[in-house]
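# Summary of the model geometry
Here is how the chains run, residue by residue.
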Amino acid sequence: METASAESVRKHVRVYVTVFVALMALTLITVTISTLHLQPAAAIIVALCIAALKASLVAAYFMHLISEKKLIYAALTLTVVLFLVLMVLPVSHFADRGL
Amino acid sequence: MSEAAPGAHAGVHTDHHAPPGFWRTYVFSQDHKTIGIQYAITALLFLLFGFTLMMIMRWQLAYPGQSIPFIGKFFGDANAPDGVMLPEFYNQLGAMHGTIMVFLGVVPLAVGAFGNYVMPLQIGAPDMAFPKLNMMSYWIYFVGGLTMLSSFLIPGGAAASGWTSYAPLSVIATAGQTVWLFGMICLITSSLLGSVNFITTIFQLRAKGLSFMRLPFFVWAQLVTSFLLLLAFPPLEAAGVLQLMDRLAGTSFFMPSGLVVSGQPLAYSGGGNPLLWQHLFWFLAHPEVYVLILPAMGIVAEIIANNTRKPLWGYRSMVSATVFLGFMSFVVWAHHMFLTGMGTVISSFFQATTMIISIPSIIILTALFLSLWGGSIRFTTPMLFALAFLPMFGIGGLTGLPLGLAPADIHLHDTYYVIGHFHYVVAPGTLFALFAGLYYWFPKVTGRKMNDTLGRIHFWFSFAFINGVFMPMFIQGLAGVSRRLYDGGAMYSHAQGVMHLNVFMSVCAWCLGLAQIPFIINFFWSIWKGKKVSDNYWDATTLEWSAATSPPMAHGNFATPPEVYRGPYEYSPPGSGRDFLPQNKPEEAR
Amino acid sequence: MEIPYTVEPRPDTGVYNAKLGIWLFLASEVMLFGALFSSYVLLRVGATTWPHGYEHLNIPLATVNTVVLITSSVTMVMSWASLAMKDIRKYRVYMGSTVALACVFLVIKGFEYAAKFEHGLYPSGSTFLAIYFTLTGLHGLHIIGGIIVNCYLLGPGTRMWKTDPARFTNRVEVAGLYWHFVDLVWIFLFPVLYLL
Ligand code: HEM
Ligand SMILES: [Cu+2]
């Protein structure tokens, strides 16, 4: 992003506004769905999917991850993998424990 | 050297400061070399302190219930009435010995001191990428260390729930535990800032021509170590925050329902899970053992290449092994929890990953051993320590395998065998490597070398006594003696056959303390009186040796940015007729 | 010798120092919140009963807060874009709004906390409340950290715009990355604590 010219930045600005609108819409949707009190499993999946979508919008556009350098991608890939290991931690705890 | 010729630089940087004053030069310095020295001094003092705690404990283990001679009366009635150590005090000493050795001694020395001083020089950088952050890392570490020490002075004394601070014991422990948690949060923050700095520096500030496969192995070790610190410490920080909440806000993250202590039900809402602490703790603490060992391997690799006058055998495999090892260390944590009621499937999984992770360690150790083959070895003082590292770490590593196999661990878990195992890794292993590093880089820092006779005395006595301390622990552990026992097991009938070893081990521990005196004398004597030596005393190839001795401060490591033409260990290159080719020496026209 | 690549990117890695530094820092933050999230899952799965967020917590307030924080992320990125377009005046406006919105977030959070305490709902009450207070509290601390950094960049830090505009723009970008991350954490906390 450091080489961004004024012109390309102006284009960015339009994208930021679009993303903002999308984020607002998604917030509205997830709150509305939550009032339906779905089955726990369904509710969790829907809420987390919407959150993940919002988060990726923020990461991709506000944090410019959509056009980042390889080194940053590599560092983040490693982090994501280890994050997944953390998420598996509770599974490793309960699986096969007979509780 | 920008101070020497300010005029020559006019216009290049407009904000050229007057030479910084005393505080900026020696105390709040932003120069990586000064910070490295600050880390070294602080960490060495903590190591001495942590070792002293252990020497005091060893009295109680050798002569349970007897008054500690000479110093016993100084501990006060709350800790040692009539000089006889109370169990509570023993637990404090044990917990603090572990914490101080690991978090305040070895890691700051291996990473903070050696990493800070040597790594930027080895990659030809003017300094760390973020000098202010570097200064902050040190001072946060310092505050964390003082916080830990201060806990000895508060009512109830220091933390006493072991360096592992298992819940629920740690949640209901005295205030020392809260101080411990605050101290840990400082130390974790310091490590995080440090690792961000290290990784950025290695990626961004490498000299021209210094590709990754030309990095000295030490730099690789520091790189992987920093990633471990960066990504494994935050879960412990999270756990620390949760435990603080349990202690201060009365939450029950780690407190199970219906807990009754000494016949009294506790005023906790319950619903928490003590094993959650263990998961989060070991998620850090297993990678942490590689934080303790990788820099040591890095130091040993440098010294072995230099003193065999040969390239390292299998440099590339060592690098891949290190990276693989770093990654795997995140998926083995539950081998510390085989006895917490996990089923066979999960046990098998962690048992398998544990066996897999032993492979890269074996590769590295084998490569180092093979590097000796056919070398014309110089038995310098650093080399002696580096050579001793190999078998000692070997013993530590091999004795770890039975602990990683769930069936064997049922017998060995929480016995002195475990203590013996990991001390072989960290004491005659890592500590010896760190001593090797001190002897090796001393001439770079001071321009003088340490005395060899004293060095040899230090080495041989340390080597003998340290084995005397730790070898019998295997025997005791196999006999079933538990660790963390106030009387060393004297009250148990199954321990009777091996109790006599306690006196021997303690005497060895005290003698080990005495064996450090030649080192301390040597260290101070050599700073002022040691033999003056040249910039590249060891005839080494890596970049730090082409910088001036005690390189100038203020980002002034090299007069001009160095350029690198070859790999790190071009010793006795075939056909050149030379003993060594420094990394930054241009190719000659043949 | 000055430290290289503080402003311009290093050719082979393609980034300047602080950019890599902040991403590494954020990586560690991912692991911090990841560990807390995983603790939450472990405790919730192990619990015999667990309340729905909406039974205890105020969803409308939290929704407003979500909007506030997302908006502040937009103003943050706009403040960087203004600098990239060499418009320091607009930068001040956007950065000022970011700080203001962050403060609004904290005030609303403060009201939420106060209401809980009034009803005698403390962290020690249940594991659910413990999680709620710990996660939002830690997130709040991150907000405060962001406010401090942004205030610096809005006040004394702006001086650098005159001496080294490129570096100042980088600083704002880096502060922005942190701020978006704080927003991102909230995007997960909101459904996890309130809606589920
Ligand atoms: C070289 C001198 C050292 C001696 C003589 C020594 C001795 C001991 C002994 C006897 C124990 C067992 C205490 C008990 O079970 O009650 C112990 C525990 C421990 N030591 Fe050391 N140690 C030394 C160095 C180190 C170093 C360098 C480290 C770490 C880097 C370290 C880390 C630990 C830890 C973490 C424990 C706690 C084990 C537990 O919680 O059960 N020690 N030490
Ligand atoms: Cu382990």
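For residues that are not glycine, phi is negative in most cases, and the peptide bond is trans in most cases. Residues and elements named next belong to chain B. Residue Pro-168 is reached from Ala-167 by a cis peptide bond, and omega for that bond is 0°. Tracing the chain through its elements places Pro-168 in the loop between α4 (131–150) and α5 (176–204). Even without being glycine, Arg-309 reaches a positive phi, approximately 55°. In this structure, Arg-309 sits in the loop between α7 (274–308) and α8 (315–328). Given a relative accessible area of 5%, Arg-309 falls into the buried group. Even without glycine at this site, Asp-539 takes up a positive phi of about 55°. For Asp-539, the position within the fold is in the segment after β4 (531–532).

This part is about the site of ligand 1. Residue and element names in this part refer to chain B. Neighbouring ligand 1 are 24 residues, the closest being Tyr-90, His-97, His-423, Arg-483 and Arg-484. Between ligand 1 and Tyr-90, the relevant distance is 2.6 Å, taken from an oxygen atom to a side-chain nitrogen or oxygen of the residue. A distance of 2.9 Å separates a nitrogen atom of ligand 1 from a polar side-chain atom of His-97. Elements with a contribution of two residues or more to the shell around ligand 1: α2 (32–62), α3 (87–122), α12 (416–446) and α13 (452–478). Per-element accounting of the shell around ligand 1 gives the leading share, seven residues, to α12. Its residues placed into classes, the shell around ligand 1 shows 18 nonpolar, three polar and three charged.

Attention now goes to the nonpolar core. Of all hydrophobic cores here, the largest spans 289 residues; its most connected members are Phe-217 of chain B together with Tyr-194 of chain C. Among the elements that take part in this core, α7 of chain B stands out by supplying 22 residues, more than any other. For this core, the two domains that each supply at least three residues are domain 1 (1–68) and domain 2 (69–99) of chain A. Non-local contacts of Tyr-194 of chain C, meaning those with residues more than four positions away in its chain, are made with Gly-53, Tyr-54, Leu-57, Asn-58, Ile-59, Ala-62, Lys-109, Glu-112, Tyr-132, Trp-186 and Leu-189 of chain C.

The next thing to look at is the packing of α7 of chain B against helix α10 (residues 381–404) of chain B. Residues and elements named next belong to chain B. Look at α7 against α10: their axes get within 9 Å of each other, and the N-to-C directions meet at 130°. With respect to α10, the element α7 is oriented oblique. As for the relative orientation of α7 and α10, their crossing is left-handed in sense. Residues Ile-293, Ala-296, Met-297, Val-300, Ile-303, Ile-304, Asn-307 and Thr-308 of α7 form the contact with α10, whose own contacting residues are Pro-382, Met-383, Ala-386, Phe-389, Leu-390 and Phe-393. Here the contact of α7 with α10 is composed, by residue class, of 12 nonpolar, two polar and no charged.

All names here are of chain B. Within the first shell, the iron atom of ligand 1 binds the protein through His-97 (NE2) and His-423 (NE2), at distances of 1.9 to 2.1 Å. Considering all six donor atoms around the iron atom of ligand 1, angles at the metal cover 89 to 179° and the coordination shape is octahedral. Here the residue His-97 occupies a position in helix α3, and His-423 occupies one in helix α12, the gap between them amounting to 326 residues. For His-423, a relative accessible area of 13% puts it in the buried group.

Turning to the interface of chain C and chain A, a few remarks are in order. Contacts between chain C and chain A engage 50 residues on the former and 45 residues on the latter. Surface buried jointly by chain C and chain A totals about 4,100 Å² across both partners, of which 84% is contributed by carbon and sulfur atoms. One salt bridge connects Lys-19 of chain C with Glu-68 of chain A, and the closest N-O pair in it is separated by 3.0 Å. When residues of the side of chain C that touches chain A are traced back to their parent elements, those giving at least two are α1 (17–46), α3 (59–84) and α7 (165–195) of chain C. Broken down by element, the residue count for the side of chain C that touches chain A peaks at 16 residues, all from α1 of chain C.

Describing an aromatic ring pair means giving the distance of the ring centres and the angle of the ring planes. Residue and element names in this part refer to chain B. Scanning all chains against the criterion turns up 73 aromatic pairs over all chains. Plain terms: the ring middles of Phe-523 and Phe-524 are 5.5 Å apart, the flat faces sit at 85° to each other, and that makes the pair edge-to-face. Under the relative-accessibility criterion, Phe-523 is labelled buried at 18%. Among the aromatic residues, those joined into a cluster by ring pairs are Phe-385, Phe-432, Phe-435, Tyr-439, Phe-442, Phe-459, Trp-460, Phe-463, Phe-519, Phe-523 and Phe-524. The ring centre of Phe-74 lies 5.4 Å from the NZ or CZ of Lys-73, which sits over that ring.

As a further point, take the coordination of the copper ion (ligand 2). Residues and elements named next belong to chain B. Distances from the copper ion (ligand 2) to its protein donors, His-286 (ND1), His-335 (NE2) and His-336 (NE2), fall within 1.7 to 2.0 Å. Each donor residue of the copper ion (ligand 2) lies on one chain, and together they are spaced H-x48-H-H. Linking His-286 in helix α7 with His-336 in the loop between α8 and α9 (344–372), this pair joins segments that are 50 residues apart in sequence. Judged by its relative accessible area of 6%, His-286 is buried.

Its 23 residues place the ends of helix α2 (residues 40–62) of chain A 32 Å apart at the C-alpha level, agreeing with the 33 Å of an ideal helix rising 1.5 Å per residue. Among the residues of α2 of chain A, Ala-43, Ala-47, Ile-50, Ala-51, Lys-54, Ala-55, Leu-57, Val-58, Ala-59, Ala-60 and Phe-62 of chain A are the ones counted as buried. Of the surrounding secondary structure, the elements contacted by the buried residues of α2 of chain A are α1 (6–34) of chain A together with α3 and α7 of chain C. At the C-terminal side of α2 of chain A, His-64 of chain A shows a positive phi close to 60°.

Each partner contributes residues to the interface: chain B has 20 residues there, and chain A has 13 residues. Area buried by chain B at its contact with chain A is led by Leu-231, His-279 and Ile-346 of chain B, which between them contribute 27% of it. Counting across the chain B and chain A interface gives zero salt bridges. Taken together, the links from chain B to chain A amount to two residue pairs in polar contact (both at pLDDT 80 or more). Broken down by secondary-structure element, the contributors of at least two residues to the side of chain B that touches chain A are α6 (217–249), α7 and α9 of chain B. In the side of chain B that touches chain A, the residues fall into 14 nonpolar, six polar and no charged.

With that settled, consider the pattern of salt bridges. Tallied over the entire structure, the rule returns 10 salt bridges over all chains. Asp-12 of chain C is the salt-bridge partner of Arg-206 of chain B, the closest N and O atoms lying 3.7 Å from each other. Taken together, the residues Arg-206 of chain B in the loop between α5 and α6 and Asp-12 of chain C in the segment before α1 connect one chain to another. By sharing partners, the salt bridges in this structure join Glu-68 of chain A together with Lys-19 and Glu-173 of chain C into a single network.

Turning to empty space enclosed by the protein, a few remarks are in order. What the rule picks out here adds up to six cavities of 30 Å³ or more. Its boundaries defined by the atoms lining it, the largest cavity holds a volume of some 200 Å³. Taken together, 19 residues make up the lining of the largest cavity; nearest its centre are Tyr-39, Val-107, Pro-108, Ser-190 and Ser-191 of chain B. Elements with a minimum of two residues in the lining of the largest cavity: α3, α4, α5 and α6 of chain B. Residue composition of the lining of the largest cavity, grouped by class: 10 nonpolar, eight polar and one charged. Reported here for the second largest cavity is a volume of approximately 60 Å³. Every residue along the wall of the second largest cavity is listed here: Phe-62 and His-64 of chain A together with Met-76, Val-77, Trp-80, Glu-173, Gly-176, Leu-177 and His-180 of chain C. Counting residues per element, the ones that place at least two in the lining of the second largest cavity are α3 and α7 of chain C. Per-element tally for the lining of the second largest cavity: the top contributor is α7 of chain C, with four residues. By residue class, the composition of the lining of the second largest cavity is five nonpolar, three polar and one charged.

Moving on: the environment of Leu-501 of chain B. Residue and element names in this part refer to chain B. Its location among the elements puts Leu-501 in helix α14 (residues 501–515). Considered as a pair, Leu-501 and Cys-511 are 10 residues apart in the sequence and their alpha carbons are 15 Å apart. With near-sequence residues (within four places) excluded, Leu-501 lies in contact with Pro-472, Ile-475 and Gln-476.

All names here are of chain B. Taking 1.5 Å of rise per residue, 24 residues should cover 34 Å, and α10 covers 35 Å from first to last C-alpha, within 8% of that figure. Along α10, the helix axis deviates most sharply at Phe-389, where the bend reaches about 25°; the proline Pro-391 sits within four residues downstream. With 18 of its 24 residues buried, α10 lies for the most part within the structure.

Cut-offs and rules
Throughout, a residue's number is its position along its own chain's written sequence, starting from 1. A letter from A marks each chain and a number from 1 marks each ligand, given out in the order of writing. The model is predicted, so local features are restricted to residues of pLDDT at least 70 and side-chain atom pairs to those at 80 or more, both for listing and for counting; the totals for chains, interfaces and linings are taken over all residues. The basis for every side-chain value is the complete set of non-hydrogen atoms in the structure, without hydrogens or water. Strands here mean DSSP runs of E at least two residues long; helices mean DSSP runs of H or I at least four residues long; both are numbered from the N terminus. The rule is simple: take the accessible area with a 1.4 Å probe, protein chains only, and divide by the maximum for that residue type; under 20% is buried, over 50% is exposed, in between is partly exposed. Any residue with a heavy atom positioned within 4 Å of a molecule or strand is treated as near that molecule or strand. Pairs of N or O atoms are called polar contacts if they sit within 3.5 Å, as long as, within protein, a hydrogen donor faces a hydrogen acceptor (for residues adjacent in sequence, only side-chain-to-side-chain pairs). In this count, Pro and Cys sit with the nonpolar residues alongside Ala, Val, Leu, Ile, Met, Phe, Trp and Tyr, while Asp, Glu, Lys and Arg are called charged and the others, Gly among them, polar. In these notes, a set of buried Ala, Val, Leu, Ile, Met, Phe, Trp, Tyr and Cys residues joined through side-chain atoms within 4.5 Å is what counts as a nonpolar core. An automatic or database domain assignment supplies the start and end points of every domain. Should any heavy atoms of two residues lie within 4.5 Å, those residues are considered in contact. Angular values range over 0 to 180 degrees, each being the angle between N-to-C directions of two axes fitted as lines to C-alpha atoms, with helices fitted over their stretch in contact. Every angle not falling under 35 degrees, over 145, or within 65 to 115 is termed oblique; those three ranges are roughly parallel, roughly antiparallel and roughly perpendicular. Note: crossing handedness is left-handed where the near helix turns anticlockwise from the far helix by less than a right angle, and right-handed where it turns clockwise. Each metal site is built from N, O and S donor atoms within 2.8 Å (3.2 Å for Na, K and Ca), and since water is not included, such sites may look incomplete. Geometry is assigned from the angles between donors: four donors with all angles from 85 to 135 degrees make a tetrahedral site, four or six donors whose opposite pairs exceed 155 degrees while the rest stay between 65 and 115 make square planar or octahedral sites respectively, and everything else is labelled irregular. Buried area counts how much accessible surface, traced with a 1.4 Å probe, disappears from two parts once they are put together, with both parts' losses summed. Here, a salt bridge means any Lys or Arg side-chain nitrogen found within 4 Å of an Asp or Glu carboxyl oxygen. Stacked, tilted and edge-to-face pairs are distinguished by plane angle, under 30 degrees for stacked and over 60 for edge-to-face with tilted covering the rest, among Phe, Tyr and Trp rings (Trp via its six-membered ring) whose centres lie within 6.5 Å. Remark: a charge is flagged as sitting over a ring if the NZ atom of Lys or the CZ atom of Arg is within 6 Å of the ring centre and within 35 degrees of the ring normal. Each helix should span, by expectation, one fewer than its residue count multiplied by 1.5 Å. A cavity here means a set of points on a 1 Å grid, drawn over the protein atoms and nothing else, where a 1.4 Å probe fits but cannot get out; a pocket is an open set with protein on both sides within 12 Å along at least five of seven lines, and a residue lines either one if it has an atom within 4 Å of a point. Grid points are joined across faces, edges and corners, and a volume is the space filled by probe spheres set on the points. Each residue is assigned a bend, namely the angle between axes fitted to the seven residues that terminate at it and the seven residues that start at it.

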